[in-house]
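What follows is the residue order along each chain.
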Amino acid sequence: MDLPWGDERTKQFVTNVGLITTNGPYGHDIMAAEWTHHISYKPGLIAVCINPRDATHANIENTKEFGISLCASDQNVLSSISGGSSGKSIDKISALKELGFKFYKAKKINVLMVEDAALNIECKLAKQIPIGDHTTFVGEAVETKLSGKKPLVYHAQKYWNLGENIPKPPQDELDRTNQIVEKHKKK
Ligand SMILES: Cc1cc2nc3c(=O)[nH]c(=O)nc-3n(C[C@H](O)[C@H](O)[C@H](O)COP(=O)(O)O)c2cc1C
């Protein structure tokens, strides 16, 4: 079955927004990707799922590298602009610079990275997996930078701030839960 864009079921997911920066046949480019996932600790691997029609797709296929700038909570406009047009027809980086957004040159790869993102990760392509209607590009982290800012939350096609931390249940309730789990230990 399908799980289309905008469907109530699809809207139940909560994600980050990764700003994917590349520099290939379409020049320097940036796009928004909610499908940006940390999938391995050692080595640090990040998967991004990109529509084969996008300029970003061609840029990554050609250069085997990409940057990920995880949007900070005050970068929703940057996300909307990056996701609102294609680098095939618009120089989004120049437009964003004119709008006052700042970039810096990546250290280990030949792309631009977004200033003041929650986290910047420079990636070398480790694997390209065509699956479903998007391509999963798995990048190995080769350089990172933390800003200390909180990540932007994306849910139900809207941007959100991280909510309140849910407190742990009281200790007696935790003890009771642990006892019950222990009772069901497999022999
Ligand atoms: C918040 C947001 C999240 C998005 N997530 C994805 C995604 O995970 N994968 C994808 O292929 N497109 C995603 N898009 C759409 C692309 O950003 C959009 O198609 C963009 O124009 C592609 O740019 P490019 O052609 O310059 O690569 C998203 C758009 C927005 C606004």
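Position numbers for residues start from 1 in each chain and track the written sequence from start to end. Confidence filtering applies because this is a predicted model: local features only for residues at pLDDT of at least 70, side-chain atom pairs given and counted only at 80 or more, and all residues used for totals across whole chains, interfaces and linings. With hydrogens and water excluded, all non-hydrogen atoms of the structure serve as input to the side-chain values.

Draft legend 1. Quick peek at the pairing of strand β5 (residues 45–50). Categorising residues by exposure relies on relative accessible area from a 1.4 Å probe, with only protein chains included: less than 20% of the type maximum marks a residue as buried, more than 50% marks it as exposed, and the intermediate range marks it as partly exposed. Here a helix means four or more residues in a row that DSSP labels H or I, a strand means two or more in a row labelled E, and each is numbered from the N terminus. Within β5, six of the six residues are buried, which leaves the element mostly enclosed by the surrounding structure. Here β5 shows no split at all, with Leu45, Ala47 and Cys49 on one side and Ile46, Val48 and Ile50 on the other all buried. Where strand β4 (residues 36–40) meets β5, four bridges bridge the pair, whose relative direction is antiparallel. In the strand pairing of β5, Ser40 is matched with Leu45. Should DSSP find at least two bridges between two strands, the strands are regarded as paired. As consecutive antiparallel partners, β4 and β5 are separated by four residues. As defined by bridge partners, β5 adjoins strand β10 (residues 134–146) across six bridges and the pair is classed as antiparallel. Directly across from Ile50, in β10, lies its bridge partner Thr135.

Draft legend 2. Structural detail: the sheet that holds strand β3 (residues 27–33). Ordered in space as β3-β2-β6-β9-β10-β5-β4, the seven strands form an open sheet in which the pairing is antiparallel. If you trace the sheet from one side to the other, it starts and ends with β3 and β4, each paired once. On average, each strand axis in the sheet is tilted by 35° relative to the strand beside it, whichever way the strands run. The sheet contact formed by strand β9 (residues 119–131) and β10 spans twelve bridges and is antiparallel. Helix axes use the C-alpha atoms of the stretch in contact, all axes being lines fitted to C-alpha atoms, and the angles between their N-to-C directions lie in the range 0 to 180 degrees.

Draft legend 3. Geometry of the site of the ligand. Summary of the distance rule: residues count as near a molecule or strand when at least one heavy atom falls within 4 Å of that molecule or strand. Close to the ligand lie 22 residues; Asp29, Thr56, Ser85, Ser86 and Gly87 are nearest. What qualifies as a polar contact is a pair of N or O atoms within 3.5 Å, subject to a donor-acceptor requirement within protein and to the restriction that residues adjacent in sequence count only when both atoms come from side chains. At a separation of 2.6 Å, an oxygen atom of the ligand approaches a polar side-chain atom of Ser86. Gly87 is positioned with one of its backbone polar atoms (N or O) 2.6 Å from an oxygen atom of the ligand. Methods summary: accessible areas were calculated by the Shrake-Rupley approach with a probe of 1.4 Å, and residue burial reflects only the protein chains presented. Notes on the ligand: free accessible area 650 Å², of which the protein chains cover 85%. Among the elements that take part in the shell around the ligand, β3 stands out by supplying four residues, more than any other.

Draft legend 4. Structural view of the side chain of Thr36. Positionally, Thr36 belongs in strand β4. In this structure Thr36 comes out as buried when scored by relative accessible area, which is 8%. In this structure the side chain of Thr36 is engaged in a polar contact, spanning 2.7 Å, whose partner is the backbone oxygen of Ala33. The criterion used for residue contact is that any of the two residues' heavy atoms lie within 4.5 Å. When near neighbours in sequence (up to four residues on either side) are disregarded, Thr36 contacts Gly18, Ile20, Ile46, Ala47, Val48, Ile68 and Leu70.

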